[in-house]
Amino acid sequence: MMLALEMYRSPAKFLAAKAMGSRIPGILTGPAAPLRLVTINEPKADKEGWARIRPILSGICGSDLGMVTGHTKLYFSALVSMPFVPGHEIVGELLDDCEDLPKGTRVVMDSVLTCAARGVEPCAGCVSGRTNRCDRITVGHVAPGLQTGFCQDTGGGWGNVMVAHRSQLYAVPDGLSDERAVLTEPLSGAVHTAFRAKVEPGQSVLVSGAGAVGLFATLALRELTQAGRITVVAKHPKQRELARAFGASDVVAPDEVFRGVRRATGAFRLKPELNAKEFLLGGVDVAVDAVGSKDSIDTVLRVTKAGGRVVLAGMPSTGADLSPVWFRELELTGTYASSRVEPNDRPAFETALEIAAKAPLDGIVGARYPLYRWREALDHAQSAGRLGTVKVAFDVRAS
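Everything numeric here is computed off the predicted structure, so don't read it as measured data.

## Topic: the nonpolar core
- With 51 residues, the main nonpolar core has Leu187, Phe216, Leu221 and Leu361 as its most contacted residues.
- Among the elements of the structure, β3 (50-60), α6 (184-197), β8 (205-208), α7 (212-224), β9 (230-233), α8 (237-245), β13 (284-289) and α12 (348-358) are those that each provide at least two residues to this core.
- Each of domain 1 (2-172 + 363-398) and domain 2 (190-334) gives at least three residues to this core.
- Discounting chain neighbours no more than four positions away, the residues touching leucine 221 are Ala194, Ala197, Val199, Val205, Val207, Ile230 and Val288.
- Judged by nonpolar contacts, the second largest core, of 36 residues, contains Met67, Val68, Cys115 and Phe150.

Put into structure tokens, the structure is as follows:
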């Protein structure tokens, strides 16, 4: 038996969270949260290539918060199996030998449950190394789940024990702290985002959002591309400070985006009638939306030059005006998780581990909570930007 936070199906709580969450934020981690602290059976590592892991630290990310607060789209309901233990950003210790990795090895995990993990013939995505595009995430000998942390059979990082397949695991180098290692999964997503952005040497880039997704995207863009000017949209003082430390050329507030991009690129600013949203003729070569909100997506579409590229790195909301995509012939690109084979012919996780070792990441994990203080942890994570925190994590050892 083990202690874990368990996500369970509750249509009533889902509807309550969507209806009242914006007006009464505390309800999202209180009575409306379809999450409970329970004692349950440990998941089993009874298939070839699987092993148990004891999580050390497990991060709280935006997709976790969206799930708890009812903001995740019903699109994803067919891709999970409930009840499940959340948590896919982990550093942990192997409790069993796992092929070439001996018991006791510290590991990080690529959370996507691909064909290899499910014991089925590899799909086209897995064959090509684009494992984040796996078409078999609901079949095989593992319950449906797009990732560990959304699957009934695997457990997740918000519990004392979880299981993972060897294909998901990467050994943590000696000397890399747990606080840096737990950032590997979001950093791998940023590596993938940087490659998906396809920035040419000297091109201008806008990153909208300076939470973990936006800050890590900025870091990866500066590390892995030859981008020219990188402008980051940041709301809070600590975010602005970190954006500059991670490679931003300019940092602007949300209400300064059009002015800042126009000044940096020489674009023309136009204002439609009847208080419709303004837009630019000209603008940045590439824009990365790291928020997913309607306003953020609208903004990046309206400040990207004709023929430019817009990368959706934050889980998108609804209602964005796609007129600029049509009129400006924009290339709209999604970016999800990371691949085992990136354009540099390496797994994103290997590159992410290297970045984690050398980037200015001290203090990025700004708060750690035991599982029994889960309501405080989620409240903190929801207000992380305002509180000057980038990443909140569960210290599972303390639970």
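## Describing the pattern of salt bridges
- Counted according to the given criterion, the structure contains 24 salt bridges.
- As a salt-bridge pair, aspartate 295 and lysine 277 come within 3.2 Å of each other at their nearest N and O atoms. Taken together, the residues aspartate 295 in helix α10 (residues 294-302) and lysine 277 in the loop between β11 (268-270) and β12 (279-281) connect sequence positions 18 residues apart.
- In this structure lysine 277 comes out as partly exposed when scored by relative accessible area, which is 33%.

## Some thoughts on the side chain of threonine 154
- As for its position among the elements, threonine 154 is in the loop between α4 (124-128) and β6 (162-165).
- Side-chain polar atoms of threonine 154 contact the backbone oxygen of cysteine 151, separated by 3.5 Å.
- Residue contacts for threonine 154: discarding those within four places in its chain leaves Pro43, Trp50, Leu113, Val142, Thr148, Gly149, Met162 and Val163.

## Structural notes on the UniProt feature "domain: Alcohol dehydrogenase-like C-terminal" (unreviewed entry) in the protein chain
- This chain's UniProt record puts "domain: Alcohol dehydrogenase-like C-terminal" (unreviewed entry) on residues 212-352.
- Helix makes up 35% of residues 212-352 and strand 23%, whereas the separation of the span's terminal C-alpha atoms amounts to 14 Å.

## Remarks on the domain arrangement of the protein chain
- Splitting the protein chain by domain gives domain 1 (2-172 + 363-398) and domain 2 (190-334).
- Using C-alpha coordinates to define each centre, domain 1 is positioned 29 Å away from domain 2.
- Counting residues at the interface gives 11 residues for domain 1 and 14 residues for domain 2.
- Taken over both partners, the interface formed by domain 1 and domain 2 buries close to 900 Å², and the fraction arising from carbon and sulfur atoms is 72%.
- On the domain 1 side of the contact with domain 2, Lys73, Ile364 and Val390 bury the most area, a combined 42% of that side's loss.
- The interface formed by domain 1 and domain 2 holds 0 salt bridges in total.
- At the boundary of domain 1 with domain 2, the tally comes to 1 residue pair in polar contact (both at pLDDT 80 or more).

## Notes on the packing of α6 against α12
- Put simply, α6 and α12 touch, their axes get as near as 8 Å, and they point 115° apart. Put simply, α6 runs roughly perpendicular to α12. Our pair here, α6 against α12, has a crossing hand that is right-handed. Packed against α6, whose contacting residues are Thr184, Glu185, Leu187, Ser188 and Val191, the element α12 presents Ala348, Phe349, Thr351, Ala352, Leu353, Ile355 and Ala356 at the interface.
- Grouping the constituent residues of the contact of α6 with α12 by class yields 8 nonpolar, 3 polar and 1 charged.

## Structural notes on the packing of α6 against α7
- One way to put it is that α6 packs onto α7 with a least axis distance of 8 Å and a crossing angle of 55°. The angle between the axes of α6 and α7 places the two elements in the oblique class. In the packing of α6 onto α7, the handedness of the crossing is right-handed. Contacts from Pro186, Leu187, Ala190, Val191, Thr193, Ala194, Phe195 and Ala197 of α6 reach α7 at Phe216, Ala217, Leu219, Ala220, Leu221 and Leu224.

## Here's the deal with the UniProt feature "domain: Alcohol dehydrogenase-like N-terminal" (unreviewed entry) in the protein chain
- Sequence positions flagged by UniProt for "domain: Alcohol dehydrogenase-like N-terminal" (unreviewed entry) are, in local numbering, residues 48-174.
- Note that residues 48-174 is 13% helix and 21% strand, and that its end C-alpha atoms are spaced 27 Å apart.

## Side note on α8
- Listing the buried residues of α8 in full gives Gln239, Leu242 and Ala243. The buried residues of α8 all sit within an arc of 105° when viewed along its axis, so they share a single face. Seen from the buried face of α8, the exposed residues on the opposite side, beyond 90 degrees, are Pro237 and Arg244.
- Summarising the contacts, the buried residues of α8 are in contact with α7, β9, β10 (250-252) and α14 (384-387).
- Looking one or two residues beyond α8, the residue adopting positive phi is glycine 247, at roughly 120°.

## Side note on the environment of arginine 346
- Looking at the secondary structure, you find arginine 346 in the loop between β15 (331-334) and α12.
- The exposure class assigned to arginine 346 is partly exposed, which follows from its relative accessible area of 26%.
- Along the sequence, arginine 346 and glycine 129 sit 217 residues apart, while their C-alpha atoms lie 9.6 Å from each other.
- In this structure arginine 346 touches Arg340, Val341, Thr351 and Glu354, once residues within four positions along its chain are discounted.

## What about the sheet that holds β8?
- In spatial order, the strands read β10-β9-β8-β13-β14-β15; together these 6 strands make up an open sheet with parallel pairing. Of all strands in the sheet, those bounded by a partner on one side alone are β10 and β15. Taking the axes of each pair of neighbouring strands and ignoring which way they run, one obtains an average angle of 20° across the sheet.
- Pairing of β8 with β9 involves 4 bridges; the strand directions are parallel. Counted as the bridge partner of leucine 206 is threonine 231 from β9.

Cut-offs applied
- Residues numbered from 1 in each chain as written.
- Predicted model: local features only at pLDDT ≥ 70, side-chain atom pairs only at ≥ 80, totals over all residues.
- Heavy atoms only, no water.
- Core = buried A, V, L, I, M, F, W, Y, C linked by side-chain atoms within 4.5 Å.
- Buried < 20%, exposed > 50% of the residue type's maximum accessible area, 1.4 Å probe, protein only.
- Helix = DSSP H or I, 4+ residues; strand = E, 2+ residues; numbered from the N terminus.
- Domains from an automatic or database assignment.
- Contact = heavy atoms within 4.5 Å.
- Salt bridge = Lys/Arg side-chain N within 4 Å of Asp/Glu carboxyl O.
- Polar contact = N/O pair within 3.5 Å; in protein donor to acceptor, adjacent residues only side chain to side chain.
- UniProt positions renumbered as here; feature names shortened; annotations may be inferred.
- Buried area = accessible area lost by both parts, 1.4 Å probe.
- Axes fitted to C-alpha atoms, helices over the stretch in contact; angles between N-to-C directions.
- Parallel < 35°, antiparallel > 145°, perpendicular 65-115°, else oblique.
- Left-handed = near helix turned anticlockwise from the far one by under 90°.
- Nonpolar A, V, L, I, M, F, W, Y, C, P; charged D, E, K, R; others polar.
- Arc of directions from axis to C-beta.
- Pairing = 2+ DSSP bridges.

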